[in-house]
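# Fold and geometry: a report
Spelled out from the first residue to the last, the chains are:
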Amino acid sequence: MATLVALVRAPPSPFVSGCEDYARAVCGKGSDCAPVPLRLTFGTVPTCVECVALGCTFEPYREQATWSSSRCVEAIGHLDCDGLFAGTSLAACLNAPVA
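Overview of the structure. Since this is a predicted model, take the numbers as computed values, not measurements.

Conventions we followed
Residue indices follow the written sequence of each chain, beginning from 1 at its first position. Reporting of local features is limited, given that this is a predicted model, to residues whose pLDDT is at least 70; pairs of side-chain atoms are given and counted only at 80 or more, and all residues count toward the totals for whole chains, interfaces and linings. Side-chain descriptors were evaluated using all non-hydrogen atoms of the structure, hydrogens and water having been removed beforehand. Strands are runs of DSSP state E lasting at least 2 residues, helices are runs of H or I lasting at least 4, and numbering of each runs from the N terminus. When accessible area is computed with a 1.4 Å probe and restricted to protein chains, residues below 20% of their type maximum are described as buried, those above 50% as exposed, and intermediate ones as partly exposed. Residues count as neighbours in contact if any of their non-hydrogen atoms are within 4.5 Å of one another. Accessible surface is estimated by sampling points in the Shrake-Rupley manner with a 1.4 Å probe; for residues, cover comes only from the protein chains shown. Working definition: a disulfide is two cysteine sulfur atoms within 2.5 Å of each other. The span you would expect from a helix comes to 1.5 Å times its residue count less one. Directions from the helix axis toward the C-beta atoms define the arc. What we call a nonpolar core is a set of buried Ala, Val, Leu, Ile, Met, Phe, Trp, Tyr and Cys residues that are connected through their side-chain atoms within 4.5 Å.

The next thing to look at is the overall build of the chain. Regarding its fold elements, the chain presents six helices and zero strands. Its helices and strands in sequence order give the chain the pattern α-α-α-α-α-α, from N to C terminus. Split into buried and exposed, the 99 residues of the chain put 37% on the buried side. At a minimum sequence separation of 6, the contacts of the chain that also span at least 24 residues come to 70%. By element, 59% of the accessible surface of the chain is carried by carbon and sulfur atoms, the whole surface being about 5600 Å².

What follows is the structure, given as structure tokens:
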């Protein structure tokens, strides 16, 4: 469960539309790998998507983000459940400082 929460809080986003894609990927992976914790935390996958996307769009570093939602979504898609539970850090989902 802590790993799912960590993924939820992972990347600030430069694109509001990218936040929805990111949220769908995170919540979909959570539903596949940890359906009970997701249901206890959010109730439903659509509620999870709404909450995660909202949190992503309000990140304070959004204007300075260098994170690519498409690369992050792809990386989440390739992450297996063991990687999720192990707390695997996805470099594609991290925000790098703007030079």
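In this section: the state of the cysteines. Per the counting criterion, the structure on display carries two disulfides. The disulfide that involves cysteine 27 links it to cysteine 48, with 2.0 Å between the sulfurs. Given an S-S torsion of about -80 degrees, the disulfide between cysteine 27 and cysteine 48 has left-handed geometry. Linking cysteine 27 in helix α2 (residues 16–33) with cysteine 48 in helix α4 (residues 45–57), this pair joins segments that are 21 residues apart in sequence. Across this residue pair, the class does not change: cysteine 27 and cysteine 48 are buried. Note that cysteine 33 is cross-linked by a disulfide to cysteine 81, the S-S spacing being 2.0 Å. Between cysteine 33 and cysteine 81 the disulfide shows an S-S torsion of about -85 degrees. By sign, it is left-handed. Remark: cysteine 81 occurs in helix α6 (residues 81–85) and cysteine 33 occurs in helix α2; sequence separation between them is 48 residues.

Turning next to α4. Here α4 is 13 residues long and its end C-alpha atoms lie 18 Å apart, about the 18 Å a rise of 1.5 Å per residue gives. Looking only at α4, the buried set comprises Cys48, Val49, Val52, Ala53, Cys56 and Thr57. Buried residues of α4 fall within an arc of 150 degrees about the axis and therefore sit on the same side.

Most often, soluble globular proteins keep nonpolar side chains buried together rather than apart. In terms of nonpolar packing, the biggest core is built from 21 residues, with Tyr22, Cys27, Cys48, Val52, Ile76 and Leu90 touching the most fellow members. Those elements giving two or more residues to this core turn out to be α2, α3 (35–42), α4 and α5 (69–78). Counting residues per element, this core draws most heavily on α2, which supplies seven residues. Those residues in contact with cysteine 48 that lie beyond four places of it in its chain are Cys27, Leu38 and Phe42.

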